[in-house]
There are 2 protein chains.
Amino acid sequence: METTKSTAVANSNIAVIKYWGKRDERLNLPANNSISFTMDDQLQTMTTVEFDGHLKQDVLVLNDRPATSKETGRVTAFLDIVRKMTKIKTKAKVVSKNSFPKSAGLASSASGFAALAGAASRAAGLNLSLRELSVLARYGSGSASRSIFGGAVEWLAGKKKDGSDSYSVQLSPQEDWANLRNVIGVVSESEKKVSSVEGMWRLKTSALFQSRLKTMDARLKTVRAAIKRNTFEDAVIPIMQDSDNMHAVMLDCWPPVRYLTDTSFEIMEKVLELNESHGKPVAAYTFDAGPNAHVYTTEKYAHEVERMLKYTDGVLRTLNCKIGKGIRFVNEDLF
Amino acid sequence: METTKSTAVANSNIAVIKYWGKRDERLNLPANNSISFTMDDQLQTMTTVEFDGHLKQDVLVLNDRPATSKETGRVTAFLDIVRKMTKIKTKAKVVSKNSFPKSAGLASSASGFAALAGAASRAAGLNLSLRELSVLARYGSGSASRSIFGGAVEWLAGKKKDGSDSYSVQLSPQEDWANLRNVIGVVSESEKKVSSVEGMWRLKTSALFQSRLKTMDARLKTVRAAIKRNTFEDAVIPIMQDSDNMHAVMLDCWPPVRYLTDTSFEIMEKVLELNESHGKPVAAYTFDAGPNAHVYTTEKYAHEVERMLKYTDGVLRTLNCKIGKGIRFVNEDLF
């Protein structure tokens, strides 16, 4: 197969119904469906890949610095999948740049592995469909599967043992969500103490986790229907409840996993007060595996939410994100 | 029946397997058994009661100040039960003193209603057994049922509709626990935002709560057996897990209930590190409906735990409590 230097761009996504727990660890298959919105270009990864017969090992440059061996190891494991698909034996050079800090609960692994899936498969001469790309990206990081699509996206858990039915589908294109915002309160930009992989691994110890899975379907149904109808308001409460539920299960693990800080909790309370003051649900908080607050709201209330976040002790900075595009291939390469 | 001025003293207790949720709200019957240790005289309430035909309404003096109407209302509701048992129609004067601040997660309602149950029943001319006192105290505050006994105590949920089989029993007398300490890190001395009553009321909204109830029996069995064998070490992990599990369920309620702060979480981590550094479980954290840390440990490690707490940012002061006595009647009255 003809190899070529290829560059892909993908954006991060922030789930409103969370992925937390796997039905198959090796294949990275989720225990439940999840739903997210893809973010705009403020939360973006651009990645260039070239397979090169001269290289003795894979080389990864991340945000202008040589990657750690742990980071390179994860990328090599991913490239091995592409090599297996294409019978390519050569090593690759991978250069990747985020528009935002890594591992700060801004879902850099989602945009990162989505962009890598695109660039690596294209560089290897493959021309995968979006669905195939979402399956491939999943091997790198579960949530990366969703970043292949723009707008509102659902990642299906699937039932098959080989994971071939676990891919993402677009629920609604980004054009439908021109009024939606994710106003982010960055509370920490440092790496989290307990990685998502480690955190999910501890789920075995939580008796409450099985109970979470049983209640997922009701929330999924409500949020999916609200998205299809384009009525964000109807999704607000279940979005917050799913975040709370996930963080509750984390706390029930042994040893307990905890990402929310006093600042996170203060933001949660303020969002509830905001909804109360407007007499209807206008904003929904959600927290990934980190303390950063993602407050989904409509354009009308975005400035009020941003002001609230700015005035909250412990918030380092805010980002006002629109809903963005799925993966795309570009002609400017990073090397 | 002959009435007389009576004074009782009861100590607070801190549960190691928590009471959180009721099977009957009117009768204050718990959804599950709970296990606690009764604290020493540092966490004590002394209460004097006298029924007095000259009074037009019940009078409550709490910590040298006239009580609020809310506090008086709760005491009147309790006195009504005693009046109903004895056909006494007169109002009562109640003077009560805590050795520690109210509503700061130091279980003042446990010692308070245990002492009130003793003093009020005795003042009304009743001579109740300890078991009967534990049933009576339960009407005031569930956990007060346990403060009737010293040492290690289990409050049985019971099954009967009328609650007559929901009383406390002593698992092991305080003499068996001369080496046990509860080293308390006081993180807040202000009243909690969400009362226990309100917090438990919200349990209806948590899907995880039913799952908690299903896992209680295993933890109860382990901790009960460890107490009977007098091997605290075997109870350490389930004690911490039960606290985590309860706070997880709280977070899963709607709106979410949250008592743990960054300081609480830091203490949790430090306790886990302490156990790791000793290569065995020597200390167990547990948190009631508040941010204050209760760290059960043995005499040998109590100073190390206390030092750790003192050096934790956000800890206002520490208390090193021994295991204490159950209710007793005294001759010095408060008025």
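Please read these numbers as outputs of a predicted model, since none were measured by experiment.

A. How the structure looks around the sheet that holds strand S9 (residues 91-98) of chain B. Residue and element names in this part refer to chain B. Judged by pairing direction, the sheet is mixed, and its six strands sit side by side in the order S8-S7-S9-S6-S1-S16 without closing on themselves. Strands at the two margins of the open sheet, each flanked by one partner only, are strand S8 (65-66) and strand S16 (328-330). Direction of pairing for strand S7 (residues 59-62) relative to S8: antiparallel, over a ladder of two bridges. Its bridge partner lying in S8, Leu 62 is registered against Arg 65. The sheet strands contacting helix H1 (residues 69-86) are strand S6 (44-52), S7 and S9, and the helix crosses S9 at an angle near 125 degrees. Where helix H2 (residues 108-123) meets the sheet, it contacts strand S1 (6-11), S6, S9 and S16, and its direction lies at approximately 35 degrees from that of S6.

B. Spatial organisation of the relation of the copies chain A and chain B. Mapping chain A onto chain B calls for a screw motion: a turn of 180 degrees about the axis and a shift of 0.0 Å along it, with 0.0 Å RMSD after fitting. What we have between these two chains is a two-fold relation. Using C-alpha coordinates, one finds that chain A approaches the rotation axis most closely at Ala 248 of chain A, a distance of 2.1 Å. When you check the interface residues of chain A against chain B, 100% turn up at the interface there too, and the contact is symmetric in its surfaces.

C. Inspection of the interface of chain A and chain B at higher detail. Facing 29 residues of chain A, the contacting portion of chain B comprises 29 residues. Summing the contributions of chain A and of chain B, the shared interface buries around 2400 Å²; its carbon and sulfur component is 66%. At the boundary of chain A with chain B, the tally comes to four salt bridges. Between Arg 258 of chain B and Asp 262 of chain A there is a salt bridge, and its shortest N-O distance comes to 2.5 Å. The tally of links between chain A and chain B comes to nine residue pairs in polar contact (both at pLDDT 80 or more). Every element with two or more residues in the side of chain A that touches chain B is listed here: helix H5 (208-229), helix H6 (236-251) and helix H7 (262-278) of chain A. The residue inventory of the side of chain A that touches chain B, partitioned by class, reads 16 nonpolar, six polar and seven charged.

D. Spatial organisation of the pairing of strand S5 (residues 34-38) of chain B. Residue and element names in this part refer to chain B. Taken across its five residues, S5 has five buried, putting it largely inside the fold. Burial along S5 is two-sided: Ser 34, Ser 36 and Thr 38 and Ile 35 and Phe 37, pointing in opposite directions, are all buried. Where strand S2 (residues 13-17) meets S5, four bridges bridge the pair, whose relative direction is antiparallel. Directly across from Ala 15, in S5, lies its bridge partner Ser 36.

E. A look at the sheet that holds strand S15 (residues 317-322) of chain B. Residue and element names in this part refer to chain B. If you trace the four strands from one edge of the open sheet to the other, you get S13-S14-S12-S15, paired in antiparallel fashion. One side of each edge strand has no neighbouring strand; the edge strands of this open sheet are strand S13 (283-286) and S15. When the angles between neighbouring strand axes are averaged without regard to direction, this sheet yields 20 degrees. Bridge analysis of S13 against strand S14 (residues 293-298) gives four bridges, and the strand direction is antiparallel.

F. Structural context of helix H1 (residues 69-86) of chain A. Residue and element names in this part refer to chain A. Taking 1.5 Å as the rise per residue, H1 with 18 residues should run 26 Å; its terminal C-alpha atoms sit 25 Å apart, in good agreement. Elements in contact with the buried residues of H1: strand S6 (44-52), strand S7 (59-62), strand S9 (91-98), helix H2 (108-123) and helix H3 (130-140). Looking one or two places after H1, you find Lys 87, whose phi comes out positive at around 65 degrees.

Cut-offs used in this document
- Residues numbered from 1 in each chain as written.
- Chains lettered and ligands numbered in written order.
- Predicted model: local features only at pLDDT ≥ 70, side-chain atom pairs only at ≥ 80, totals over all residues.
- Heavy atoms only, no water.
- Pairing = 2+ DSSP bridges.
- Helix = DSSP H or I, 4+ residues; strand = E, 2+ residues; numbered from the N terminus.
- Contact = heavy atoms within 4.5 Å.
- Axes fitted to C-alpha atoms, helices over the stretch in contact; angles between N-to-C directions.
- Least-squares fit on C-alpha atoms with pLDDT ≥ 70 in both.
- Buried area = accessible area lost by both parts, 1.4 Å probe.
- Salt bridge = Lys/Arg side-chain N within 4 Å of Asp/Glu carboxyl O.
- Polar contact = N/O pair within 3.5 Å; in protein donor to acceptor, adjacent residues only side chain to side chain.
- Nonpolar A, V, L, I, M, F, W, Y, C, P; charged D, E, K, R; others polar.
- Buried < 20%, exposed > 50% of the residue type's maximum accessible area, 1.4 Å probe, protein only.
- Expected span 1.5 Å × (residues − 1).

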